[in-house]
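# Analysis of the macromolecular model
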Protein chains: 2
Amino acid sequence: MPLSKNDIKYIKSLRQKKFRQKYNNFVVEGDKIVRELLEQRPDWIEALYGLDKWIHELPPSPITATAISQRELQQASLLKTPNQAIAVVRQPKANWHGLDLERQLSLYLENLQDPGNMGTILRIADWFGIETVLCSPNCVDVYNPKVLQASMGAFLRVHIATVSIKEVKKAYPALPLLATTMDGANVFEFDAPKAALVAVGNEGAGLSEDLLALADRRIAVPPNRNSGTESLNAAVATGIVCAVLRQAGL
Amino acid sequence: MPLSKNDIKYIKSLRQKKFRQKYNNFVVEGDKIVRELLEQRPDWIEALYGLDKWIHELPPSPITATAISQRELQQASLLKTPNQAIAVVRQPKANWHGLDLERQLSLYLENLQDPGNMGTILRIADWFGIETVLCSPNCVDVYNPKVLQASMGAFLRVHIATVSIKEVKKAYPALPLLATTMDGANVFEFDAPKAALVAVGNEGAGLSEDLLALADRRIAVPPNRNSGTESLNAAVATGIVCAVLRQAGL
C-alpha cells in the first residue's frame, strides 16, 4: 500500500510545532535513529515507513513497516537527503510527578531557544547518565526535528517533561536547585550535594529573576583571567557543570 | 557615495570560501561584532559600511565608515535580518612559527566540519584564555559566516592558523600532544603537563590514525556507566577538557 497524499501531508505537517501539539506525534528519520527507535521504544511507534531493501534488512520486530518508494520517501521527508526510513512517533507521556529526583542529578532548562543547544544538552544528559531533563514551558519544542537530530537519539533514553520551576519546587521541596550563572561559586570548588536540579538559562538572557529567587545556590564555570568573551555557550557550560558534578560524586 | 552594484556583488561573493580565499577577505556583520572589530582590530578593516544613524553613534575612530541605506544593507547582507553595519575584513596572517606554544595550553582541530562546532570551540578558547588554535587544512573555513557567528567575536582575539600536525610536531618537538579519544585516560585523573597541544577530531570519525600515532597521551571525558549515547558533541568535549586542564593548573 503506497503512501497516500494525505499521509504525506500529515507527515510533513509534523515539522510544525502546532501540528505536533495537535496530534501529539512527531517524526523520526534516517536509518540509524529509526533502528534505535525500533529497538528501544517500539511502543512509541505509530507508523513506520521504509524502502523495501531497508525493511528486508531489519531484525525481527513486532512492528510492521510499510514499504515505500524512494519517490514517496523524498516527498514525505523533512531532510534534504532522506535516509531510507521514516517513522511517525507518539510523544511519550511527560510525567514530572513521582520521580526520584531527590536522590539524583537532574537538569532544568529555562527558556532555552536554540534547537542545537537543546539537542546537545539532551545528548550530554544521556552521556552522563542523567535520567531526567525538565523544561520550562517557553523552551524550544523537544520534538523539533533539529533538536532530535542534535540529540543523537538521547530523546529515546532521557525522560523529558515540561513544567514550571515553581511546580517543581512545590513537588520536590528537598531538592537543591543549583542555578548556573556568571557570578556563582566555582563549580570545581563546590561541595556537591547528594542530589541536585541544575538550572540552565536562556542563551542570551540567562536565568530569570523568578528562578534565581528560588535557587539554593549559584554555580559557575569561571573564565580564565585573560578571557575576552562574555560567556560560554549554554550547552558547553552545561557539559562542564555535569562533568564536574559527576566527578564530585553527584 | 552609495554602494555600487559591484561592491554589493563583491561583498556577497565573500559568503563563498573560494572567493574568501581568492581575495583573502571575509565579512563581519551586525552592530555588536562590528563595534568589537573597530575597537579590537581596526587594522584588519578593509571597508566599513553602516546606516547613517549607526555611524553617528560610533565612538571616534581612525576608520571612516561609509553611510549606506537600509536597502543597500539589505542587498549586501548575508543575514536574514541585517543589523545596521557590515565590514569587509582582511584575513589576519596565520603564522604558526615562533609561537610560545611550549609554555601554554593550545588546541589543534583536525578535520572539524561543523561551523557551529568550530565557532563554539573558538569561543571556548577565548573563555579559557587559550591564545592559539591550530587547524588542519581540511577543517571548515574559520571565516565561514556561521563559524564567525558562533564564535561570538572570539576570532578577533584567538590566534588561528592552518597547519598539518606533522609540521607542528616538527616545529615544536617538546610540546606534548594530547589526543582526545573515547579510550583515553580520564581527564579528571590526568597529571597535566606544563604545556600541551590538545587535539580534537572530526565529529563522526574522531582523530586520524596519523595524528594518534604522533600523540604523546590520550585523554577522555568518561561517560557515566548508565550512558546510552556513543559520544559527546565535539565542542562540549573540548569545553570539558579545557575546563579541567585549566583547573589542574595548565
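Residues numbered from 1 in each chain as written. Chains lettered and ligands numbered in written order. Predicted model: local features only at pLDDT ≥ 70, side-chain atom pairs only at ≥ 80, totals over all residues. Heavy atoms only, no water.

### A look at the pattern of salt bridges
Pairs may arise between side chains of opposite charge once their charged atoms sit close together. Taken as a whole and judged by the stated rule, the model has 20 salt bridges over all chains. In this structure, A:K169 engages A:D216 in a salt bridge whose closest nitrogen and oxygen atoms are separated by 2.9 Å. Of this pair, A:K169 sits in helix α8 (residues 165–171) while A:D216 is found in the loop between α9 (209–214) and β10 (217–220), placing the two residues 47 residues apart along the sequence. Beyond isolated ion pairs, a larger network of salt bridges with shared partners links A:K32, A:E36, A:D126, A:R157 and B:E230. (Salt bridge = Lys/Arg side-chain N within 4 Å of Asp/Glu carboxyl O. Helix = DSSP H or I, 4+ residues; strand = E, 2+ residues; numbered from the N terminus.)

### Looking at the relation of the copies chain B and chain A
For the pair chain B and chain A, the relating rotation is 180°, the translation along its axis is 0.0 Å, and the fit reaches an RMSD of 0.0 Å. Seen this way, the second copy is the image of the first under a two-fold rotation axis. (Least-squares fit on C-alpha atoms with pLDDT ≥ 70 in both.)

### Quick look at helix α10 (residues 234–247) of chain A
Residue pairs spaced three or four apart in an α-helix point in one direction, given the helix's 3.6 residues per turn. All names here are of chain A. End to end, α10 covers 20 Å across 14 residues, agreeing with the expected 20 Å (1.5 Å per residue, within 8%). Summarising burial for α10: 12 of the 14 residues are buried, a large majority. In this structure N233 caps α10, since a side-chain oxygen of it lies 2.8 Å from the backbone nitrogen of A235. Within two residues after α10, G249 carries a phi angle of roughly 100°, on the positive side. (Expected span 1.5 Å × (residues − 1). Buried < 20%, exposed > 50% of the residue type's maximum accessible area, 1.4 Å probe, protein only. Polar contact = N/O pair within 3.5 Å; in protein donor to acceptor, adjacent residues only side chain to side chain.)

### What to know about the interface of chain B and chain A
Reports of interface size often rely on the accessible area that becomes lost once the parts have come together. Across the boundary between the two partners, chain B contributes 34 residues, which contact 34 residues of chain A. Around 2,900 Å² of area is buried between chain B and chain A when both sides are counted, 62% of it from carbon and sulfur atoms. It is B:R123, B:W127 and B:F188 in chain B that bury the most area against chain A; as a group they hold 26% of the surface buried on that side. Our count for the contact surface shared by chain B and chain A stands at 2 salt bridges. Note that B:K32 and A:E230 form a salt bridge whose closest N and O atoms lie 3.2 Å from each other. Residue assignment for the side of chain B that touches chain A shows that the elements contributing at least two residues are α6 (115–127), β8 (177–186) and α10 (234–247) of chain B. Per-element tally for the side of chain B that touches chain A: the top contributor is α10(B), with 8 residues. (Contact = heavy atoms within 4.5 Å. Buried area = accessible area lost by both parts, 1.4 Å probe.)

### Brief notes about the packing of α10(A) against α10(B)
Remark: α10(A) packs on α10(B), axes separated minimally by 8 Å, with the N-to-C direction vectors making an angle of 55°. Comparing the axis directions of α10(A) and α10(B) gives the class oblique. Note on packing geometry: the crossing formed by α10(A) with α10(B) is right-handed. Counted together, A:A235, A:V236, A:G239, A:I240 and A:A243 of α10(A) and B:A235, B:V236, B:G239, B:I240 and B:A243 of α10(B) form the full contact between these two elements. (Axes fitted to C-alpha atoms, helices over the stretch in contact; angles between N-to-C directions. Parallel < 35°, antiparallel > 145°, perpendicular 65-115°, else oblique. Left-handed = near helix turned anticlockwise from the far one by under 90°.)

### A few points about the pairing of strand β2 (residues 45–51) of chain B
Residues and elements named next belong to chain B. Among the 7 residues in β2, 6 count as buried, and that is most of the element. Bridge count for β2 against strand β4 (residues 85–90) is 5 bridges, and the pairing is antiparallel. When the bridges of β4 are listed, G50 appears paired with A85. Where β2 and strand β3 (residues 66–68) come together, 3 bridges link them in parallel fashion. The residue bridging G50 from the neighbouring strand is A67, located in β3. (Pairing = 2+ DSSP bridges.)

### Details of the sheet that holds strand β6 (residues 132–135) of chain A
Adjacent strands of a sheet form backbone hydrogen bonds with each other and so pair up, either parallel or antiparallel. Residues and elements named next belong to chain A. Judged by pairing direction, the sheet is parallel, and its 6 strands sit side by side in the order β7-β6-β5-β9-β8-β10 without closing on themselves. At either margin of the open sheet sits one strand with a lone partner, and together these are β7 (159–162) and β10. Geometrically, the sheet is characterised by an average inter-axis angle of 35° between neighbouring strands, direction not taken into account. Pairing geometry for β6 and β7, over 4 bridges, is parallel. Within the sheet, the bridge partner assigned to V133 lies in β7 and is I160. Relative to the sheet, helix α6 (residues 115–127) contacts β5 (105–109), β6, β7 and β9 (196–200), its axis offset from that of β5 by approximately 175°.

### Some details on the packing of α6(B) against α10(B)
Residue and element names in this part refer to chain B. α10 packs onto α6 with a crossing angle of 15° between their chain directions and a minimal axis gap of 9 Å. As summarised for this structure, α6 and α10 are arranged roughly parallel, according to the angle between their axes. Every pair of crossing elements has a handedness; the one defined by α6 and α10 is right-handed. Where α6 abuts α10, its residues N117, T120, I121 and I124 lie against A234, A235, T238, G239 and C242.

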